[in-house]
Amino acid sequence: MYAWKCWRESRARFIFLFIMSTSTALLFTLQPGLEVRNGWWYFDRSEYTRDPATVVHLVSLMVLTGLLTSGFLSPVFLGASASGSEIEPGTIEYLWTRPRTRTSVTWTHWSVSLAEMVIVAIVPTYLAALILGTLTRNWNLPLLMAAPWMTVIVGLPMLGLTTLMTALRRSASGGLISTTAVVSVYMIVRQLVMVPMHLNLPPLFAGPVIWLMHNNQPYPSAFPWGSLGRAVFLAAAFPLAAQYLLKRTEV
């Protein structure tokens, strides 16, 4: 079963990302109560109950910042395990002998990677929300409730871009480097153009997350629907382009 093959090849990266995201979320959640007394670590819960609303807001922003890092790393690392990475080593010839269409190969890997991205985003964030709500007795946590889904939305075009770059460069390392280069160059150019020319270029894929970070109480009326539409379009267009490149490898 090809889905099992995708999981087997990406599980080390998935476990690393999951541990990193979970430990970061827990550290940021417990940080306000951690103190050093007489050379020993001490946890003071009263820090959470003095001003619960402020603590919830600050911790939510810290967790969201950490989630952004995993939101970038997850699609890039998981997308680099696409079937295009097998072209350069030559192992893709064996894959082509299996009774499976190129469409199935591309979208099965995409689905497995998406499931792993959702787990990496949701479990640590909602665990942090559960702990934070218990400590502060304040369960009004709109940022933490929406953050995983915004991260997944931003990660979808990144996953597609990495899948495309991996097929284009014919290796996992090439896909990683190319995707990072595309994102980095766009961010640099955007800053260079925005400051002197005062042009408001849209963020590459991060519109929903930026909207979330700048709204303590996220309102759907202010949601950047244009960024969502662009993310959905690119999330489908990039894998389709990768699928076309994989078909050409047989010619």
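This structure is a prediction, so every number in the text was calculated from the model and none was measured. (Residues numbered from 1 in each chain as written. Predicted model: local features only at pLDDT ≥ 70, side-chain atom pairs only at ≥ 80, totals over all residues. Heavy atoms only, no water.)

Peer 1: Lay out the confidence of the model for the protein in plain terms, naming residues and giving numbers.
Peer 2: On average, residues of the protein score 80 in pLDDT, and 82% of them are at 70 or above. Model confidence for the protein, summarised as mean pLDDT per element, is weakest for helix 4 (residues 92-96) at 54 and strongest for helix 5 (residues 102-136) at 89. (pLDDT = per-residue confidence, 0-100. Helix = DSSP H or I, 4+ residues; strand = E, 2+ residues; numbered from the N terminus.)

Peer 1: So what's going on with the nonpolar core? Residues and values would help.
Peer 2: Residues F205, L212 and F238 are the most contacted members of the largest nonpolar core, which totals 33 residues. Of all elements in the fold, only helix 1 (2-30), helix 3 (52-79), helix 5, helix 6 (142-169), helix 8 (207-213) and helix 9 (225-248) reach the threshold of two or more residues within this core. If one sorts the elements of this core by residue count, helix 6 sits on top with 12 residues. What F238 contacts, discounting residues up to four positions off in sequence, is P157, G160, L161, L164 and F205. One finds V56, L135, L141 and L144 within the second-largest nonpolar core, a separate group that totals 12 residues. (Core = buried A, V, L, I, M, F, W, Y, C linked by side-chain atoms within 4.5 Å. Buried < 20%, exposed > 50% of the residue type's maximum accessible area, 1.4 Å probe, protein only. Contact = heavy atoms within 4.5 Å.)

Peer 1: Break down the pairing of strand 1 (residues 34-37) for me, with residues and values.
Peer 2: In this sheet, strand 2 (residues 40-43) lies alongside strand 1 in antiparallel orientation, the contact comprising 4 bridges. For V36, the partnering residue across the bridge sits in strand 2 and is W41. Taking the residues between adjacent antiparallel strands as the criterion, strand 1 and strand 2 are bridged by 2 residues, where N38 takes a positive phi near 55°. (Pairing = 2+ DSSP bridges.)

Peer 1: Explain the environment of F16 to me, and be specific about the residues and the numbers.
Peer 2: By the element assignment, F16 lies in helix 1. Owing to a relative accessible area of 48%, F16 belongs among the partly exposed residues under this scheme. Separated by 58 residues in sequence, F16 and S74 have C-alpha atoms that sit 9.8 Å apart.

Peer 1: So what's going on with the layout of surface pockets? Which residues, and what values?
Peer 2: Roughly 460 Å³ of volume is contained in the largest pocket. Taken together, 18 residues form the lining of the largest pocket, with V154, V183, M187, F205 and A206 sitting closest to its centre. For the lining of the largest pocket, the leading source of residues is helix 7 (residues 172-197), giving 4 residues. Grouping the amino acids of the lining of the largest pocket by side-chain chemistry returns 13 nonpolar, 4 polar and 1 charged. (1 Å grid on protein atoms, 1.4 Å probe; cavity = no way out; pocket = protein on both sides within 12 Å on 5 of 7 lines; lining within 4 Å. Points joined across faces, edges and corners; volume = space filled by probe spheres on them. Nonpolar A, V, L, I, M, F, W, Y, C, P; charged D, E, K, R; others polar.)

Peer 1: Can you tell me about the packing of aromatic side chains, naming the residues and giving the values?
Peer 2: A full pass over the atoms with the stated rule returns 4 aromatic pairs. Look at W7 and F14: their rings are 5.6 Å apart centre to centre, the planes differ by 65°, and that puts the pair in the edge-to-face class. Residue F14 is classed as buried on the basis of its relative accessible area of 10%. Taken together, a centroid distance of 5.4 Å and an interplanar angle of 70° make the contact between W107 and W110 edge-to-face. Placement of the pair is W107 and W110 together in helix 5, with a separation of 3 residues, close to one helical turn. Among the aromatic residues, those joined into a ring-pair cluster are W7, F14 and F18. (Phe/Tyr/Trp six-rings, centres within 6.5 Å; stacked < 30°, edge-to-face > 60°.)

Peer 1: Please provide a residue-by-residue account of the pattern of salt bridges, values included.
Peer 2: Applying the stated criterion to the full structure yields 1 salt bridge. Between R50 and E47 there is a salt bridge, and its shortest N-O distance comes to 3.2 Å. In this structure E47 comes out as partly exposed when scored by relative accessible area, which is 23%. (Salt bridge = Lys/Arg side-chain N within 4 Å of Asp/Glu carboxyl O.)

Peer 1: So what's going on with the side chain of T136? Which residues, and what values?
Peer 2: Summarising the element assignment, T136 is placed in helix 5. Taking the relative accessible area as the measure of exposure, T136 reaches 4% and is therefore buried. A distance of 2.7 Å separates the side chain of T136 from the backbone oxygen of L132, its partner in a polar contact. With sequence-adjacent residues up to four places away left out, T136 is seen in contact with Y48, P52, V55 and V56. (Polar contact = N/O pair within 3.5 Å; in protein donor to acceptor, adjacent residues only side chain to side chain.)

Peer 1: Now, about a nonpolar patch on the surface: what can you tell me, with residues and values included?
Peer 2: On the surface, L27, L30, L34, V36, W41 and F43 cluster together into a nonpolar patch covering about 590 Å² of accessible area. Elements supplying a minimum of two residues to the nonpolar patch: helix 1, strand 1 and strand 2. The topology assignment puts L27 in helix 1. (Patch = residues over 30% accessible without salt bridge, like charges linked within 9 Å, V, L, I, M, F, W, Y side chains within 5 Å. Areas by Shrake-Rupley, 256 points an atom, 1.4 Å probe, with all protein chains shown as cover.)

Peer 1: I'd like a description of helix 6, backed by residues and values.
Peer 2: Between its terminal C-alpha atoms helix 6 stretches 41 Å, which fits the 40 Å expected from 28 residues at 1.5 Å a residue. Where helix 6 bends most, the angle comes to about 30°, and this point is P148. Most of helix 6 is tucked away, with 21 of its 28 residues classed as buried. With its phi angle positive at about 65°, R170 sits one or two positions after the end of helix 6. (Expected span 1.5 Å × (residues − 1). Bend = angle between axes of the 7 residues up to and from the residue.)

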